[in-house]
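Examination of the molecular architecture
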Amino acid sequence: ETGVTQSPTHLIKTRGQQVTLRCSSQSGHNTVSWYQQALGQGPQFIFQYYREEENGRGNFPPRFSGLQFPNYSSELNVNALELDDSALYLCASWGLVHGRDEQFFGPGTRLTVL
Amino acid sequence: AQSVAQPEDQVNVAEGNPLTVKCTYSVSGNPYLFWYVQYPNRGLQFLLKYITGDNLVKGSYGFEAEFNKSQTSFHLKKPSALVSDSALYFCAVSRTGGATNKLIFGTGTLLAVQP
(Lines give C-alpha, C1' and ligand atoms only; values in the text may rest on other atoms or scores of the structure.)
Protein backbone atom coordinates (compact mmCIF):
# COMPACT_ATOMS: atom_id res chain seq x y z
CA GLU A 1 0.00 0.00 0.00
CA THR A 2 1.36 3.39 -1.03
CA GLY A 3 -1.18 5.51 0.82
CA VAL A 4 -2.13 7.22 -2.45
CA THR A 5 -5.70 6.66 -3.60
CA GLN A 6 -7.44 7.65 -6.82
CA SER A 7 -11.05 7.87 -7.87
CA PRO A 8 -12.83 6.72 -9.84
CA THR A 9 -11.07 3.52 -10.91
CA HIS A 10 -12.73 3.51 -14.32
CA LEU A 11 -14.54 6.18 -16.31
CA ILE A 12 -16.17 6.33 -19.72
CA LYS A 13 -16.76 9.67 -21.43
CA THR A 14 -17.60 10.84 -24.91
CA ARG A 15 -15.60 13.15 -27.11
CA GLY A 16 -15.98 16.82 -26.17
CA GLN A 17 -16.98 16.18 -22.58
CA GLN A 18 -15.06 17.27 -19.50
CA VAL A 19 -13.69 15.01 -16.78
CA THR A 20 -12.30 15.42 -13.26
CA LEU A 21 -10.05 12.79 -11.74
CA ARG A 22 -9.17 12.80 -8.06
CA CYS A 23 -6.17 11.82 -6.01
CA SER A 24 -5.63 11.67 -2.28
CA SER A 25 -2.11 11.66 -0.90
CA GLN A 26 -0.71 10.89 2.49
CA SER A 27 -0.58 13.64 5.06
CA GLY A 28 2.63 15.63 4.68
CA HIS A 29 3.12 14.90 0.99
CA ASN A 30 3.34 18.44 -0.36
CA THR A 31 4.14 17.50 -3.93
CA VAL A 32 1.84 15.69 -6.33
CA SER A 33 2.48 14.80 -9.95
CA TRP A 34 0.12 13.51 -12.62
CA TYR A 35 1.05 11.16 -15.44
CA GLN A 36 -0.75 9.83 -18.50
CA GLN A 37 -0.03 6.25 -19.53
CA ALA A 38 -1.39 5.33 -22.93
CA LEU A 39 -1.80 1.66 -23.75
CA GLY A 40 1.58 0.02 -24.35
CA GLN A 41 3.53 3.11 -23.36
CA GLY A 42 5.41 4.40 -20.37
CA PRO A 43 3.84 7.12 -18.22
CA GLN A 44 4.18 10.67 -19.54
CA PHE A 45 4.52 13.60 -17.13
CA ILE A 46 1.56 16.00 -17.27
CA PHE A 47 2.33 18.43 -14.47
CA GLN A 48 3.38 18.79 -10.86
CA TYR A 49 1.92 20.79 -7.98
CA TYR A 50 3.76 21.91 -4.89
CA ARG A 51 1.90 23.60 -2.06
CA GLU A 52 -1.11 24.25 -4.31
CA GLU A 53 0.88 25.87 -7.12
CA GLU A 54 1.80 24.31 -10.46
CA ASN A 55 5.60 24.24 -10.62
CA GLY A 56 6.27 22.12 -13.68
CA ARG A 57 4.47 20.99 -16.79
CA GLY A 58 5.06 18.44 -19.50
CA ASN A 59 4.06 18.63 -23.15
CA PHE A 60 0.30 18.71 -22.62
CA PRO A 61 -2.15 21.37 -23.86
CA PRO A 62 -3.89 23.86 -21.53
CA ARG A 63 -7.10 21.84 -21.56
CA PHE A 64 -5.27 19.65 -19.05
CA SER A 65 -5.40 21.52 -15.75
CA GLY A 66 -5.09 20.71 -12.09
CA LEU A 67 -5.73 21.74 -8.55
CA GLN A 68 -4.09 20.82 -5.28
CA PHE A 69 -5.84 21.38 -1.96
CA PRO A 70 -4.52 21.95 1.57
CA ASN A 71 -5.85 18.55 2.68
CA TYR A 72 -3.33 16.75 0.37
CA SER A 73 -5.95 15.92 -2.24
CA SER A 74 -5.67 16.99 -5.85
CA GLU A 75 -7.60 16.96 -9.12
CA LEU A 76 -6.79 16.56 -12.77
CA ASN A 77 -9.29 18.22 -15.10
CA VAL A 78 -9.43 17.58 -18.81
CA ASN A 79 -11.69 19.67 -21.02
CA ALA A 80 -12.89 18.97 -24.56
CA LEU A 81 -11.97 15.30 -24.38
CA GLU A 82 -10.42 13.71 -27.43
CA LEU A 83 -10.22 10.03 -28.34
CA ASP A 84 -6.45 10.09 -27.73
CA ASP A 85 -7.05 11.08 -24.11
CA SER A 86 -8.02 7.47 -23.44
CA ALA A 87 -5.36 6.26 -21.03
CA LEU A 88 -4.51 5.30 -17.46
CA TYR A 89 -3.99 8.44 -15.40
CA LEU A 90 -1.64 8.10 -12.47
CA CYS A 91 -1.00 10.47 -9.64
CA ALA A 92 2.11 10.33 -7.54
CA SER A 93 3.01 12.04 -4.33
CA TRP A 94 6.34 12.53 -2.64
CA GLY A 95 7.07 11.68 0.94
CA LEU A 96 9.84 10.63 3.24
CA VAL A 97 10.65 6.97 3.80
CA HIS A 98 13.50 6.30 6.22
CA GLY A 99 14.68 9.88 5.71
CA ARG A 100 14.71 9.71 1.92
CA ASP A 101 12.29 11.13 -0.63
CA GLU A 102 10.17 8.50 -2.33
CA GLN A 103 7.56 8.93 -5.03
CA PHE A 104 4.44 6.88 -4.38
CA PHE A 105 2.03 6.12 -7.19
CA GLY A 106 -1.67 5.59 -6.89
CA PRO A 107 -3.46 2.71 -8.66
CA GLY A 108 -4.65 4.98 -11.46
CA THR A 109 -7.91 5.91 -13.16
CA ARG A 110 -8.66 4.23 -16.48
CA LEU A 111 -10.33 6.80 -18.76
CA THR A 112 -12.01 5.69 -21.95
CA VAL A 113 -13.16 8.34 -24.42
CA LEU A 114 -15.70 7.17 -27.02
CA ALA B 1 16.90 16.40 -23.34
CA GLN B 2 16.45 13.51 -20.96
CA SER B 3 15.52 10.10 -22.29
CA VAL B 4 15.39 6.46 -21.28
CA ALA B 5 15.70 3.46 -23.55
CA GLN B 6 14.57 -0.05 -22.74
CA PRO B 7 15.76 -1.96 -25.79
CA GLU B 8 13.79 -5.15 -25.13
CA ASP B 9 10.01 -5.20 -25.39
CA GLN B 10 9.96 -8.60 -23.72
CA VAL B 11 12.34 -10.76 -21.73
CA ASN B 12 11.67 -14.46 -21.27
CA VAL B 13 13.38 -16.42 -18.53
CA ALA B 14 12.85 -19.77 -16.85
CA GLU B 15 12.00 -19.84 -13.17
CA GLY B 16 15.13 -20.12 -11.05
CA ASN B 17 17.38 -18.59 -13.70
CA PRO B 18 18.93 -15.14 -13.34
CA LEU B 19 17.21 -12.28 -15.10
CA THR B 20 18.38 -8.98 -16.52
CA VAL B 21 16.20 -6.16 -17.81
CA LYS B 22 18.20 -3.52 -19.65
CA CYS B 23 17.99 0.25 -19.40
CA THR B 24 20.14 3.04 -20.78
CA TYR B 25 19.64 6.73 -20.18
CA SER B 26 20.58 10.16 -21.39
CA VAL B 27 20.50 13.14 -19.09
CA SER B 28 22.50 16.29 -18.56
CA GLY B 29 24.11 16.40 -15.16
CA ASN B 30 23.86 13.70 -12.55
CA PRO B 31 20.86 11.40 -12.85
CA TYR B 32 18.45 9.94 -10.39
CA LEU B 33 17.53 6.48 -11.74
CA PHE B 34 14.54 4.36 -10.83
CA TRP B 35 12.94 1.02 -11.50
CA TYR B 36 9.20 0.48 -11.15
CA VAL B 37 7.05 -2.60 -11.70
CA GLN B 38 3.47 -2.63 -12.92
CA TYR B 39 1.10 -5.55 -12.60
CA PRO B 40 -2.00 -5.76 -14.85
CA ASN B 41 -4.54 -3.02 -14.13
CA ARG B 42 -2.40 -1.65 -11.32
CA GLY B 43 -0.37 1.46 -10.69
CA LEU B 44 3.39 1.63 -10.50
CA GLN B 45 5.22 0.00 -7.64
CA PHE B 46 8.64 1.30 -6.63
CA LEU B 47 11.49 -1.25 -6.74
CA LEU B 48 14.69 0.72 -6.24
CA LYS B 49 16.54 3.89 -7.07
CA TYR B 50 20.06 5.24 -7.50
CA ILE B 51 20.99 8.73 -6.40
CA THR B 52 24.60 8.55 -5.41
CA GLY B 53 27.09 6.26 -3.71
CA ASP B 54 27.49 2.54 -4.30
CA ASN B 55 26.87 1.60 -7.92
CA LEU B 56 25.02 -1.57 -6.91
CA VAL B 57 21.61 -0.75 -5.53
CA LYS B 58 19.49 -3.33 -3.74
CA GLY B 59 15.75 -3.01 -3.80
CA SER B 60 12.51 -4.78 -3.07
CA TYR B 61 11.72 -8.46 -3.72
CA GLY B 62 15.36 -9.43 -4.27
CA PHE B 63 15.92 -7.10 -7.20
CA GLU B 64 19.08 -5.09 -7.66
CA ALA B 65 20.43 -2.72 -10.28
CA GLU B 66 23.88 -1.62 -11.28
CA PHE B 67 24.64 1.96 -12.21
CA ASN B 68 27.31 2.21 -14.90
CA LYS B 69 28.18 5.82 -15.62
CA SER B 70 30.53 5.12 -18.53
CA GLN B 71 27.90 3.05 -20.33
CA THR B 72 25.00 5.24 -19.09
CA SER B 73 23.19 2.07 -18.08
CA PHE B 74 21.10 0.98 -15.12
CA HIS B 75 20.21 -2.68 -15.72
CA LEU B 76 17.81 -4.45 -13.38
CA LYS B 77 18.86 -7.88 -12.15
CA LYS B 78 17.70 -10.73 -9.99
CA PRO B 79 19.72 -13.87 -9.24
CA SER B 80 16.76 -16.27 -9.36
CA ALA B 81 13.51 -15.43 -11.13
CA LEU B 82 10.08 -16.33 -9.80
CA VAL B 83 6.91 -16.82 -11.81
CA SER B 84 5.38 -14.07 -9.69
CA ASP B 85 7.99 -11.65 -11.06
CA SER B 86 6.15 -11.70 -14.38
CA ALA B 87 5.05 -8.10 -14.94
CA LEU B 88 5.84 -4.91 -16.83
CA TYR B 89 9.02 -3.15 -15.72
CA PHE B 90 9.78 0.51 -16.24
CA CYS B 91 13.07 2.33 -15.94
CA ALA B 92 12.89 6.06 -15.23
CA VAL B 93 15.26 8.98 -14.86
CA SER B 94 15.03 12.41 -13.33
CA ARG B 95 17.61 15.14 -13.26
CA THR B 96 19.23 16.25 -10.04
CA GLY B 97 18.73 19.89 -9.29
CA GLY B 98 15.66 20.15 -11.46
CA ALA B 99 12.71 22.27 -10.43
CA THR B 100 10.40 19.30 -10.42
CA ASN B 101 10.47 15.63 -9.57
CA LYS B 102 9.49 14.88 -13.16
CA LEU B 103 10.27 11.30 -14.14
CA ILE B 104 11.03 10.31 -17.70
CA PHE B 105 10.01 6.72 -18.27
CA GLY B 106 11.10 4.16 -20.78
CA THR B 107 8.54 2.27 -22.82
CA GLY B 108 8.65 -0.71 -20.51
CA THR B 109 9.85 -4.31 -20.72
CA LEU B 110 7.48 -7.20 -20.23
CA LEU B 111 9.12 -9.90 -18.13
CA ALA B 112 7.72 -13.38 -18.60
CA VAL B 113 8.97 -16.05 -16.22
CA GLN B 114 8.12 -19.59 -17.30
CA PRO B 115 7.61 -22.30 -14.65
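One can find the structure itself at the top, above this paragraph.
Quick look at the structure, then. (Residues numbered from 1 in each chain as written. Chains lettered and ligands numbered in written order. Predicted model: local features only at pLDDT ≥ 70, side-chain atom pairs only at ≥ 80, totals over all residues. Heavy atoms only, no water.)

Side note on the sheet that holds strand 3 (residues 19-24) of chain A
Residue and element names in this part refer to chain A.
- Read across the open sheet, the four strands follow the order 1-3-8-7; overall the sheet is antiparallel. Every other strand in the sheet has two partners, leaving strand 1 (5-7) and strand 7 (64-68) as the edge strands with one partner each. Each strand of the sheet is rotated relative to its neighbour by a mean of 20°, with strand direction disregarded.
- Where strand 1 meets strand 3, three bridges bridge the pair, whose relative direction is antiparallel. Its bridge partner being in strand 3, S7 is matched across the sheet by R22. (Pairing = 2+ DSSP bridges. Helix = DSSP H or I, 4+ residues; strand = E, 2+ residues; numbered from the N terminus. Axes fitted to C-alpha atoms, helices over the stretch in contact; angles between N-to-C directions.)

With respect to the pairing of strand 10 (residues 87-95) of chain B
All names here are of chain B.
- Strand 10 sits mainly inside the fold: seven of its nine residues count as buried.
- For strand 5 (residues 31-38) and strand 10, the ladder comprises eight bridges, and the chain directions are antiparallel. The partner of W35 across the bridge, within strand 10, is C91.
- Pairing of strand 10 with strand 12 (residues 109-114) involves three bridges; the strand directions are antiparallel. (Buried < 20%, exposed > 50% of the residue type's maximum accessible area, 1.4 Å probe, protein only.)

As for the state of the cysteines
Residues and elements named next belong to chain B.
- Counted by the stated rule, this structure contains two disulfides over all chains.
- Disulfide partner of C23: C91, at an S-S distance of 2.0 Å. Its S-S torsion of about -60° marks the bond between C23 and C91 as left-handed, since a negative value means left-handed. Here C23, found in the loop between strand 3 (19-21) and strand 4 (24-26), pairs with C91, found in strand 10; they are 68 residues apart in sequence, far enough to count as distant. The two residues C23 and C91 agree in class, both being buried. (Disulfide = S-S within 2.5 Å.)

With respect to the nonpolar core
- Counting residues in hydrophobic clusters, the biggest one holds 28 residues, and the most contacted among them are W35, L47, L48, F74, L76 and Y89 of chain B.
- Of all the secondary structure elements, the ones that give two or more residues to this core are strand 2 (10-14), strand 3, strand 5, strand 6 (44-50), strand 8 (64-68), strand 9 (73-78), strand 10 and strand 12 of chain B.
- Among the elements that take part in this core, strand 10 of chain B stands out by supplying four residues, more than any other.
- Those residues in contact with L47 of chain B that sit more than four places away from it in its chain are W35, Y36, V37, G59, S60, Y61, F63, L76 and Y89 of chain B.
- Listed in part, the 20 residues of the second largest apolar core include V4, V19, W34 and V78 of chain A. (Core = buried A, V, L, I, M, F, W, Y, C linked by side-chain atoms within 4.5 Å. Contact = heavy atoms within 4.5 Å.)

Structural notes on the pattern of salt bridges
Residue and element names in this part refer to chain B.
- One pass over the full model with this rule turns up seven salt bridges over all chains.
- In this structure, the salt-bridge partner of E64 is K58, at a minimum N-O distance of 2.9 Å.
- Classification of K58 by relative accessible area gives exposed; the value is 61%.
- Here K77 and E66 are joined by a salt bridge, their closest N and O atoms 3.9 Å apart. One end of the pair, K77, is in strand 9; the other, E66, is in strand 8, with eleven residues separating them in the sequence.
- A relative accessible area of 39% means that E66 is categorised as partly exposed. (Salt bridge = Lys/Arg side-chain N within 4 Å of Asp/Glu carboxyl O.)

Brief notes about the environment of N79 of chain A
All names here are of chain A.
- Positionally, N79 belongs in the loop between strand 8 (73-78) and strand 9 (87-97).
- Residue classification places N79 among the partly exposed positions, given a relative accessible area of 35%.
- As for N79 and L111, which are separated by 32 residues in sequence, their C-alpha atoms are 13 Å apart.
- With sequence-adjacent residues up to four places away left out, N79 is seen in contact with Q17, Q18 and R63.

Quick word on the interface of chain B and chain A
- Counting from both sides, the interface comprises 17 residues of chain B and, opposite them, 22 residues of chain A.
- Across the chain B to chain A interface the summed buried area is about 1500 Å²; carbon plus sulfur atoms make up 53%.
- Applying the counting criterion to the chain B and chain A interface returns zero salt bridges.
- The interface formed by chain B and chain A includes three residue pairs in polar contact (both at pLDDT 80 or more). (Buried area = accessible area lost by both parts, 1.4 Å probe. Polar contact = N/O pair within 3.5 Å; in protein donor to acceptor, adjacent residues only side chain to side chain.)

Quick look at unusual backbone geometry
- Looking along the chain, the bond that leaves S7 of chain A and enters P8 of chain A is cis, with omega of -10°.
- Position of P8 of chain A among the secondary structure elements: in the loop between strand 1 and strand 2 (10-13).
- At R51 of chain A, a residue that is not glycine, the phi angle is positive and equals roughly 45°.
- Topologically, R51 of chain A is positioned in the loop between strand 5 (44-50) and strand 6 (53-57).
- Positive phi, normally seen in glycine, also occurs at Y61 of chain B, with a value near 60°.
- Turning to its location among the elements, Y61 of chain B is positioned in the loop between strand 7 (56-58) and strand 8.

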